[in-house]
Each structure stands twice: as structure tokens, then as C-alpha cells.
Amino acid sequence: MAKISLVTTVLNDRKGCGEFFEQIKIQTLPPCEIVIVDGGSKDGTWDYLVEQTANESPIPIQVFQEVGCNVARGRDVAIQHASYDLIVSTDVGCEWHPNWIEELVSPMLKDPEVEAVMGSWEIDESALQGWGKVEAAWLTSTKFIATPESHASSRSIAYTRDLWKRIGGYPQDLTLAADDMVLALLLHKVARKTAATPVPRVKWGRHSTLKSYAKEARRNFFGAGEAGIWLKDFFLNCIRLFAEIIFLLSGAIFNIVGSKWVGIPLLVMGFLLVFLRAFKLRDATGRLVALGEKYALIKMLTFEYITKWNGLKGYAAGYLRGLWNCQDCRNRLSKC
């Protein structure tokens, strides 16, 4: 039987922890232990976790609390306390198929050369509400189908402790987000061989409010900025977005002051750029219409602009912070 340590982190998710334990218990290949690091929960999650360690359980549970630690630090602490060499990582708050662990580690059990397996996952479409439907339509697909070369998320990934050590662990100098992307980038440069499970066995719940998506975009791209990845994409998106703003704003100003011969061409250029953006979103808009949403194009453009704007702001702030505070992460990436 494979000796597996399942690791995760949690912060203020008492309900998610309960569902997590119930679904892990019925795995066709259960882990030999569960290791959870709590970042300082204040909603009863920590007390619940401590109770679970005292209860009789078919799977031994280790829990640790480090108030204020980020996700990267929490994952590293969990792995440091893990008893076994085969590490499976996930996020509390997901939904797991009973075959998830068995299928995820299968390539490593069949081939000793495989040091990491990229797991597939999908958005839980059955639970989508509000702006969650807009995001689902905005995405090319609600399923992430992993390949051996994929930059997999830590919500569904398996790797050896030795590989984790050679990578140097997760980038703890990042504030909150992008740690799993950095790990994936490093992993593919260090691992002897990687594999993937192409069938999604993890479902990920999504937000329902536009405010939550704006916050998520700002947070995720802040982390990417700290790491210094995706810099080219940042500049391309800045140029496109600010070109639209400048043409429309300057065109409106020139029209107001009476210089319509200048203002009208500028407005035309601005509206043309907006039209081109809307045209690129035509398939996504069609998917949103198919979901029964009214004002599909307006909602799609609103989602596009709000998430892009907040993502760019987050990236810029993160990039500046990373110049002084994330040199370890950046140096590790540059060496690869």
C-alpha cells in the first residue's frame, strides 16, 4: 500500500473542514495521514481541528497552527511534519471524487521515475450563482485538463518530498498568492519526469459577487507581480486598456471644448477598441446567453474591465513590493 501524506492549509472554514474529512474518508486509496496547518482561524475551525485529532479516526490527523502565516508557509510547515515521502496537496473547500487520490498518485506508483503528477480540476458548475455564471462563460473552459507540462494548482497535485526539497519548498516571501504557480515553474525545471491525470476529480466552488472576483484578481496578480512572472502580459494589457481610456477621455474633452475635428476621431478610435474587445468576447457572450443571463454583453464587458483593471493594479503593486521583499523567489526563478 502506498504511504501517502495529504497536506493542506485552512483559515476560517469550519464547514469546509467537515466536508473535507468526510470525503477523504471514502477515498478508494485513503492517505496514511492528514496534515493541516491553520493560519489563525477565529471561527471555531481550530477548535474543530483539535477535536478531530482526539477522535478515533481511520486516518491519523496532525494539525498545527501558525497565526498569520501565508499559504506557502503553511504548505511548507505541513510537509515538514509529514511522515511519508509521497505528498498529495489540496485546498479545503473543494469537492473530491472518491477516486481522486488513487488516480492522482497512480503514475508515480507505476513508474518510479515520475516525481510529480499534475492533477486536473473543474469549476463546480452546478453551484454557480450570480457573477459566477459570468466567469464560467468568460473562461474558455470550466475544466483544467492537466498535461505533464501543465502548471498545476496545489489544490490537486502530488510530488515526492525529495523533489520538494530540491526545489527549496514553496516561495514563502510571496504575500499570499501565486505560490503554486512558482512551485510549478520550478518543479518542471527540477523534476526528472512528470505525469498528469486528465480526468478532473476535484471540483472548485466559485464566487457569486463581482466584488469577490475583483478582490481575487487583485490578490492573484499581486502575487504574480511579486514573483516577477507574466511581465510581458502585464504590459500588453496595460497598453490595450489605457489606449481605450485615453482615446475615449481625450475625445470627450476635445468635444466639450469645441474641437470636434479632433475629438470625434479620438472617440471613434476609442469606441473601435472597445468594439474589438467586445468582438473577442463574442463566444463568451454567447455562452452566457445560453446560461439564461440577461444583458449578457454588458455583464461580460463589466466583468472583463473590472477584473483586468484590478489585476493590473495588483500586479503593479506586487511587482514593486517584490523588488525589495521577494528576491529569494525571483532568484530561484531566474536560476531556472
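Cut-offs and rules
Residues numbered from 1 in each chain as written. Predicted model: local features only at pLDDT ≥ 70, side-chain atom pairs only at ≥ 80, totals over all residues. Heavy atoms only, no water. Helix = DSSP H or I, 4+ residues; strand = E, 2+ residues; numbered from the N terminus. Buried < 20%, exposed > 50% of the residue type's maximum accessible area, 1.4 Å probe, protein only. Contact = heavy atoms within 4.5 Å. Areas by Shrake-Rupley, 256 points an atom, 1.4 Å probe, with all protein chains shown as cover. Axes fitted to C-alpha atoms, helices over the stretch in contact; angles between N-to-C directions. Parallel < 35°, antiparallel > 145°, perpendicular 65-115°, else oblique. Left-handed = near helix turned anticlockwise from the far one by under 90°. Nonpolar A, V, L, I, M, F, W, Y, C, P; charged D, E, K, R; others polar. Polar contact = N/O pair within 3.5 Å; in protein donor to acceptor, adjacent residues only side chain to side chain. Pairing = 2+ DSSP bridges. Phe/Tyr/Trp six-rings, centres within 6.5 Å; stacked < 30°, edge-to-face > 60°. Arc of directions from axis to C-beta. Patch = residues over 30% accessible without salt bridge, like charges linked within 9 Å, V, L, I, M, F, W, Y side chains within 5 Å. Salt bridge = Lys/Arg side-chain N within 4 Å of Asp/Glu carboxyl O.

Can you lay out the overall build of the protein for me, pointing to particular residues and giving the numbers?
Each helix and strand counted, the protein has 13 helices and 11 strands in total. Along the three orthogonal principal directions, the C-alpha set of the protein runs to about 80 × 45 × 40 Å. Buried residues in the protein amount to 49% of all 336 residues. For the protein, contacts bridging at least 24 residues in sequence account for 79% of all contacts bridging at least 6. As displayed, the protein has an accessible area near 16,500 Å², and 59% of this comes from carbon and sulfur atoms.

Mind laying out the packing of helix H9 (residues 231–256) against helix H10 (residues 260–280), listing which residues take part and the relevant values?
It is at 7 Å that the axes of H9 and H10 come closest, and there the two elements cross at 150 degrees. Between H9 and H10, the angle is such that the two are roughly antiparallel. Pair H9 / H10 crosses with left-handed handedness. Of the residues belonging to the contact of H9 with H10, the class tally is 15 nonpolar, five polar and five charged.

Outline the environment of glutamate 244, listing residues and values.
When you line up the elements, glutamate 244 lands in helix H9. Residue classification places glutamate 244 among the buried positions, given a relative accessible area of 2%. The residues touching glutamate 244, leaving out its near neighbours within four places in the chain, are Leu273, Val274, Arg277 and Tyr305. A distance of 2.4 Å separates polar atoms of two side chains, one belonging to glutamate 244 and the other to tyrosine 305.

Could you give me a rundown of the sheet that holds strand E4 (residues 86–90), with the residues and numbers involved?
Spatial strand order, E3-E2-E1-E4-E9-E6-E10: seven strands in an open sheet with mixed pairing. The two strands at the open ends of the sheet, each matched to only one other strand, are strand E3 (61–65) and strand E10 (194–197). Neighbouring strand axes in the sheet, compared pairwise and without regard to direction, differ in orientation by 20 degrees on average. Pairing between strand E6 (residues 116–119) and strand E9 (residues 156–160): three bridges, direction antiparallel. Following the sheet pairing, valine 117 is matched in E9 by alanine 158.

An account of the pairing of E6 is needed here, citing residue identities and associated values.
Of the two faces of E6, the one lined by Ala116 and Met118 and the one lined by Val117 and Gly119 are each fully buried. The pairing of E6 with E10 spans four bridges and is parallel. Each residue of the ladder has a partner; that of methionine 118, found in E10, is alanine 196.

Explain the packing of aromatic side chains to me, using residue names and the numbers behind them.
For any two aromatic rings, the description comes down to two numbers: the centre-to-centre distance and the angle of the planes. Taken as a whole and assessed by the stated rule, the structure comprises 13 aromatic pairs. Pairing phenylalanine 275 with phenylalanine 279 gives two aromatic rings, centres 6.4 Å apart and planes at 25 degrees, and the pair type is stacked. With phenylalanine 275 and phenylalanine 279 both in helix H10, this residue pair falls four residues apart, about one helical turn. Here the aromatic residues Phe20, Phe21, Tyr48 and Trp96 are joined through ring pairs into a cluster of three or more.

Residues and numbers for helix H11 (residues 282–290), please.
Spacing of three or four residues puts side chains on the same side of an α-helix, whose turn is 3.6 residues. Every buried residue of H11 is listed here: Ala284, Thr285 and Leu288. Buried residues of H11, seen end-on, are gathered within an arc of 100 degrees and therefore sit on one face of the element. Facing away from the buried surface of H11 by more than 90 degrees, the exposed residues are Asp283 and Ala290. On its buried face, H11 sits against helix H5 (131–138) and helix H12 (296–325). The positive-phi residue at the C-terminal boundary of H11 is glycine 292, with phi of around 85 degrees.

Any details on a nonpolar patch on the surface? Residues and values, ideally.
Residues Phe242, Ile245, Ile246, Leu249, Ile253, Phe254, Ile256, Val257 and Trp309 make up a contiguous nonpolar surface patch of about 880 Å² in total accessible area. Checked against the element boundaries, tryptophan 309 lands in helix H12.

I'd love a proper account of the packing of H5 against H12, names of residues and values included.
Their axes nearest at 10 Å, the elements H5 and H12 cross at an angle of 85 degrees. It follows that H5 is roughly perpendicular to H12 by the angle criterion. Residue-level contacts link Trp131, Val134, Glu135, Ala137 and Trp138 of H5 to Lys299, Met300, Thr302, Phe303, Glu304 and Thr307 of H12.

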